[in-house]
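Residue strings, one per chain:
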Amino acid sequence: MIIKLKKELNFAEGTGMLDIDTQIEEGSFVAISGVSGSGKTSLLRLITGLEKPKEGYIQINGETWLDTNNKINLPPQKRRVGYVFQKYTLFPNMTVRQNLNYALEKHQSSNIIEELIEQMGLSNLVNEYPYKLSGGQQQRVALARALVRKPKILLLDEPLSALDEAMRSILQDYLLKIHQTYNLTTLLVSHDMGEIFKMANQVLVLSKGKIVQLGTPESIFLNNRISGKYKVSGEVLQIVPSDIVYVVKVKLGNNIVRVIASEEEVKEMRVGERVMLVSNAFKPMIIRRGNEEIH
Amino acid sequence: MNHEFYQTLLITFELAAITTLFLLIIGIPLGFYLSNTKTKFKPVLETFISMPLVLPPTVLGFYLLLTFSPESTLGAWLLATFDIRLVFSFTGLVIGSIIYSLPFMVHPIQSGFENLPRSYSEASYTLGKSKLQTIFSVLLPNMKPSVLTGVVLSFAHTVGEFGVVLMLGGNIPGETKVASIAIYDEVENLNYAAANNYALILFIFSFLVLMMVYAINGRGIKANEF
């Protein structure tokens, strides 16, 4: 799959250019990562054809969807994409089954519907209207609906971000199963490192509309970061002198820990300040956030 | 109450019904277009549609009278080609009423489209469905209160029009005489009782119609809370 796209975008710091030029292996599971406003959603919308680029070229499985030089720009209806939105995905006026049936093409056999209902565990829900379903159930139906047309590529725009941890995990398993069954090229926008490691075999990191990193999750997230230390951030609650050292009480999530610190370490530390607790093989260290280098 | 009384009421409601039907056919595509377009002419188009809200109906009626008159180019052409005469005729009234009540249909439908999440139509497009199918299968069924509000308001507004009808239709019993004109007519002839018959019916009708709109919208809001 070849993607070349250029489009003016509005970033947080003003306008800029989305400029993508990449190839994605068919059948791969690609996570798209990047801070908000870096162009992740725009990239997906440009692939669906819901937005038009200034110039671009998209080819998938030998089919050209977009070629601005030759005035080719297939409408979303003609591009075989499965798109799952973050929310408000199902049509409220239709039951689960009607939502799925709606996606059928003319003369397409409804066997696929039964297959998806079975695979996504929806058989108890088929006659329910969307408002009766939980967020996770709704996204499961939306995913099934996106697959009815047998798309060539599946685009997922943070479809799990509104769900709680347990539900996310279940949905991730369904997504993996779908990816394995249909060997579908899948692009998933995600911020969650755990999710990316679990799902993706490639990560594409966007920043201000450009691809700044591309590789396996290991190569992107683990190199440079691995060390003998772990770091936790917390908040200083109390600094008490005790003999020749100081005892600093730090709130870490719901826990309060006591750390021994030298006079040098607490010199400019204030109650309420955010700090990093770093533990290495020898002793925990406490570091003020301002002094810490950001990796 | 005589034959003419019923005939006038019949014409009034017939005019409102036909006008509303045409407005529905025009209002849905127009509202959809306005809710989606990014053209810079949108303010101009919206101004034209909303003009009847602020324009004295007699002004609108006056210009329609000039445009449709057999002495004008359009009027002469219509008469010569189709044998249609739009001044002092029921057909002319329907066209005048459509223009007069247009904002009452287009505004609720346009805001109905605008208030639906974009993901509804976009999901439908990515599922391979055309705009037309998206509008009828996905969008309209999820904005019934807006459509109903448009229908009810257009109907009621047409029933209540006076200036346009008077200028364009005149006062021909059985053809262009509607209830609001009849009231004026009866009062002019000092037939207060007859005027009251019409007036009371219009009063009750307007009250019921508005109450219906508020009831529908109240329910609509509750349904959307899910």
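Residues numbered from 1 in each chain as written. Chains lettered and ligands numbered in written order. Predicted model: local features only at pLDDT ≥ 70, side-chain atom pairs only at ≥ 80, totals over all residues.

A few words now on the overall build of chain B. For chain B, the helix and strand inventory stands at 11 helices and 0 strands. Mapped in sequence order, the helices and strands of chain B form the string α-α-α-α-α-α-α-α-α-α-α. When its C-alpha atoms are laid out on the principal axes, chain B stretches across 65 × 45 × 25 Å. Buried residues in chain B amount to 37% of all 226 residues. For chain B, the proportion of contacts with a sequence separation of at least 24, taken over those separated by at least 6, is 73%. (Helix = DSSP H or I, 4+ residues; strand = E, 2+ residues; numbered from the N terminus. Buried ≥ 20, exposed ≤ 12 C-beta atoms within 10 Å, placed from the backbone. Contact = placed C-beta atoms within 7 Å.)

Here we come to the environment of A:Met269. All names here are of chain A. Turning to its location among the elements, Met269 is positioned in the loop between helix H8 (263–266) and strand E15 (274–279). The partly exposed category is assigned to Met269, around which 16 C-beta atoms lie within 10 Å. C-alpha separation for the pair Met269 and Val248, spaced 21 residues apart in sequence, amounts to 9.7 Å.

Our next topic: the packing of helix H5 (residues 90–115) of chain B against helix H8 (residues 144–159) of chain B. All names here are of chain B. Interaxial distance between H5 and H8 falls to 8 Å at its minimum, and their mutual angle equals 160 degrees. With respect to H8, the axis of H5 lies roughly antiparallel. For the pair H5 and H8, the crossing hand works out as right-handed. Contacts between H5 and H8 pair Ser97, Ser101, Phe104, Met105, Pro108, Ile109, Ser111 and Gly112 from the former with Ser146, Val147, Thr149, Gly150, Leu153, Ser154, His157 and Thr158 from the latter. Residues of the contact of H5 with H8, tallied by class, amount to 6 nonpolar, 10 polar and no charged. (Axes fitted to C-alpha atoms, helices over the stretch in contact; angles between N-to-C directions. Parallel < 35°, antiparallel > 145°, perpendicular 65-115°, else oblique. Left-handed = near helix turned anticlockwise from the far one by under 90°. Nonpolar A, V, L, I, M, F, W, Y, C, P; charged D, E, K, R; others polar.)

All right, on to the interface of chain B and chain A then. Often, the extent of an interface is quoted as the loss of accessible area upon association of its parts. Contacts between the two partners involve 16 residues from chain B, matched on the other side by 17 residues from chain A. Elements with a minimum of two residues in the side of chain B that touches chain A: helix H6 (118–126) and helix H7 (131–139) of chain B.

This part is about the packing of helix H1 (residues 3–36) of chain B against H5(B). Residues and elements named next belong to chain B. The interhelical angle for the contact between H1 and H5, taken along N-to-C directions, is 40 degrees, at an axis separation of 7 Å. Taken together, H1 and H5 sit at an angle that is classed as oblique. For H1 against H5, the interelement crossing comes out right-handed.

Once that is clear, we can look at the pairing of strand E14 (residues 255–261) of chain A. Residues and elements named next belong to chain A. Here strand E13 (residues 245–252) pairs with E14 via 7 bridges, running antiparallel. Following the sheet pairing, Val248 is matched in E14 by Val259. Here E13 folds back onto E14, and the loop between the two strands holds 2 residues, one of which, Gly253, carries a positive phi near 60 degrees. (Pairing = 2+ DSSP bridges.)

We note that the domain assignment places domain 1 (2–222) and domain 2 (230–291) within chain A. Taking only C-alpha atoms, the centre of domain 1 of chain A and the centre of domain 2 of chain A are 43 Å apart. (Domains from an automatic or database assignment.)

Bringing unusual backbone geometry into the picture now. It is generally the case that most residues other than glycine have a negative phi and that most peptide bonds are trans. A positive phi angle is found at A:Lys71, which is not glycine, with a value near 55 degrees. One can find A:Lys71 in the loop between strand E5 (63–67) and strand E6 (72–73). At B:Leu190, a position not held by glycine, the phi torsion is positive, near 60 degrees. Inspection of the secondary structure assignment puts B:Leu190 in the loop between helix H10 (179–188) and helix H11 (192–224). Here B:Leu190 falls in the exposed class, since 8 other C-beta atoms lie within 10 Å of it.

Here the focus is the confidence of the model for chain A. Looking at chain A as a whole, its pLDDT mean stands at 87, while 93% of the residues score no less than 70. Taking the mean pLDDT of every element in chain A, the minimum, 72, falls on strand E16 (residues 284–288) of chain A and the maximum, 96, on helix H2 (residues 96–102) of chain A. (pLDDT = per-residue confidence, 0-100.)

A few words now on helix H3 (residues 57–68) of chain B. Given a rise of 1.5 Å per residue, 12 residues ought to cover 16 Å, and the 16 Å separating the end C-alpha atoms of H3(B) matches this to within 8%. Where H3(B) is buried, its residues contact helix H2 (42–54), helix H4 (73–82), H5 and helix H9 (163–169) of chain B. (Expected span 1.5 Å × (residues − 1).)

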